[in-house]
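Here's the letter readout for the chains.
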Amino acid sequence: MLTACVVATEAAVHVSGPSDDKAWQQLRALLYGVALPRDRTHGDVAVCVMSLAEAYHAVTESQLVTMSPSPADLWTQFSALTPSFVPHAVVQLHFRRLGWLLKSGLNYGAHFVLYRGSADEFHSEYMVYIQDGDTHDSDVTCSWQVIQSLTRIASDVQKTVLLCCVTAVAPPAAPAKPDADLKYGLYDLHGTWWKLQAVPMRFWDIGVVDAIEKQQSTLQSVEAADQLSALTAAFAFQPQPVSRKHKRRKHGSKKINQETRTPLAVVEAKEDIEKTSS
């Protein structure tokens, strides 16, 4: 089991343990945190920096990391350090229970990206953006600038944006449904019920909207409705397609002549033949 210590000034957790430990290898395989460069003075001890939400999940769900406070005390301690802990912890819980692996989405202007498997085998498929605001306020909003930026970036990198909102809700009258929905989850965490709602978004070219409006003005009402349905069907939400990574060729496995893009071995063989024939 790996040990951890909270760094309050960074609102982060430093996790350390032997680099050959199975728990450490599993921690890295599940994409928790960022591994720091190895310090030779510490021998085989490896260090990983995790967010508070990642650390809470690694302690309570994956049980790969040991921390002395109870889960309830850990929740209270982390909540006091930063207001972003609760929504991020609920997001971590929701998507990891669904089998997704979460990694920082900083490169895309999002909080996380979701992988369906190893990052060495798959491209990430979703960009997760968590709305700021009071988790006890159901009217949390997101600026249009943020939405436009995310969807345009997502279009370029072939991903779907999941705009997530986490709010505290009253306990459900009936048992909560299983959290098997990418867009919805309901969780009881230490006496408070939390609801996660995710709105999937993709970029919609404004030219298509203009075309729909023009056709509506020229067609009869029934025809316009049918045409509108046909034009918008392609933009209805569908699960993001699986995107596997191609295996990269090892550097130096085939040397290339940069001018002709011909393998150097072929070029050299031709030169030898020409010398022999001459």
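Here is what the cut-offs are and how they apply
- Residues numbered from 1 in each chain as written.
- Predicted model: local features only at pLDDT ≥ 70, side-chain atom pairs only at ≥ 80, totals over all residues.
- Heavy atoms only, no water.
- UniProt positions renumbered as here; feature names shortened; annotations may be inferred.
- Buried < 20%, exposed > 50% of the residue type's maximum accessible area, 1.4 Å probe, protein only.
- Helix = DSSP H or I, 4+ residues; strand = E, 2+ residues; numbered from the N terminus.
- Arc of directions from axis to C-beta.
- Contact = heavy atoms within 4.5 Å.
- Polar contact = N/O pair within 3.5 Å; in protein donor to acceptor, adjacent residues only side chain to side chain.
- Phe/Tyr/Trp six-rings, centres within 6.5 Å; stacked < 30°, edge-to-face > 60°.
- Axes fitted to C-alpha atoms, helices over the stretch in contact; angles between N-to-C directions.
- Parallel < 35°, antiparallel > 145°, perpendicular 65-115°, else oblique.
- Nonpolar A, V, L, I, M, F, W, Y, C, P; charged D, E, K, R; others polar.
- Salt bridge = Lys/Arg side-chain N within 4 Å of Asp/Glu carboxyl O.
- Pairing = 2+ DSSP bridges.

- Taking an unreviewed UniProt entry as the reference, the chain is identified by name as tRNA-intron lyase belonging to Lagenidium giganteum.
- Under the Sequence similarities (unreviewed entry) heading, UniProt states for the chain: "Belongs to the tRNA-intron endonuclease family."
- The record held by UniProt for the chain lists under Catalytic activity (unreviewed entry) the comment "pretRNA = a 3'-half-tRNA molecule with a 5'-OH end + a 5'-half-tRNA molecule with a 2',3'-cyclic phosphate end + an intron with a 2',3'-cyclic phosphate and a 5'-hydroxyl terminus."

Notes on helix 1 (residues 22–29)
- Those residues of helix 1 that sit buried are Ala23, Trp24 and Leu27. Taken down its axis, helix 1 places every buried residue within 100° of arc, on the same side.
- In the core, the buried residues of helix 1 are packed alongside strand 1 (2–7), strand 2 (12–18), strand 3 (34–35), strand 4 (45–51), helix 2 (52–60) and strand 5 (65–66).
- N-capping of helix 1 is provided by aspartate 21, with a side-chain oxygen placed 2.6 Å from the backbone N of alanine 23.
- Looking one or two residues past helix 1, leucine 31 carries a phi angle of roughly 65°, positive in sign.

Remarks on the side chain of serine 124
- Its location among the elements puts serine 124 in the loop between strand 7 (112–115) and strand 8 (126–130).
- Here the side chain of serine 124 touches lysine 159 through a polar contact of 2.8 Å, side chain to side chain.
- Excluding anything up to four places from it in sequence, serine 124 contacts Val113, Leu114, Tyr115 and Lys159.

Looking at the packing of aromatic side chains
- Counting across every chain of the model gives five aromatic pairs.
- Measuring from centroid to centroid gives 5.9 Å for tyrosine 56 and phenylalanine 85, while their planes differ by 80°, and the two rings are edge-to-face. Of this pair, tyrosine 56 sits in helix 2 while phenylalanine 85 sits in helix 4 (residues 85–97), placing them 29 residues apart in sequence.
- Since its relative accessible area comes to 8%, tyrosine 56 is described here as buried.

So, the packing of helix 2 against helix 3 (residues 71–81)
- Across the interface, helix 2 lies against helix 3 with an axial gap of 11 Å and an inter-helix angle of 175°. Between helix 2 and helix 3, the crossing angle belongs to the class labelled roughly antiparallel. Counting all contacts with helix 2, which are made through Leu52, Ala55, Tyr56, Val59 and Thr60, the residues of helix 3 involved are Pro71, Leu74, Trp75, Phe78 and Leu81.
- In terms of residue class, the contact of helix 2 with helix 3 is built from nine nonpolar, one polar and no charged.

Thoughts on the pattern of salt bridges
- Scanning all chains against the criterion turns up two salt bridges.
- Salt-bridge contacts for glutamate 61 lead to arginine 97; the nearest nitrogen and oxygen are separated by 3.0 Å. Here glutamate 61, found in the loop between helix 2 and strand 5, pairs with arginine 97, found in helix 4; they are 36 residues apart in sequence, far enough to count as distant.
- Taking relative accessible area as the criterion, glutamate 61 reaches 34% and is therefore assigned partly exposed.

With respect to the side chain of serine 19
- On the secondary structure map, serine 19 appears in the loop between strand 2 and helix 1.
- Serine 19 gets classed as buried once you look at its relative accessible area, which sits at 19%.
- When neighbours within four sequence positions are excluded, serine 19 is seen to be in contact with Trp24, Gln25, Arg38, Asp44 and Ala46.

Brief notes about the sheet that holds strand 1
- Strand order in the open sheet formed by five strands is 3-4-2-1-5, with mixed pairing between adjacent strands. Both outer strands of the open sheet, strand 3 and strand 5, are each paired with one neighbouring strand and no more.
- Strands strand 1, strand 2, strand 3, strand 4 and strand 5 of the sheet are contacted by helix 1, whose axis makes an angle of about 40° with strand 4.

Some remarks on the pairing of strand 9 (residues 160–169)
- Across the ten residues of strand 9, eight count as buried, placing the element largely inside the fold.
- Sheet analysis places strand 8 next to strand 9, joined by five bridges and oriented parallel. Residue pairing in the sheet places tyrosine 129 in a bridge with leucine 163 of strand 9.
- Bridging between strand 9 and strand 11 (residues 192–201) involves nine bridges; their strand directions are antiparallel. For cysteine 165, the partnering residue across the bridge sits in strand 11 and is glutamine 197.

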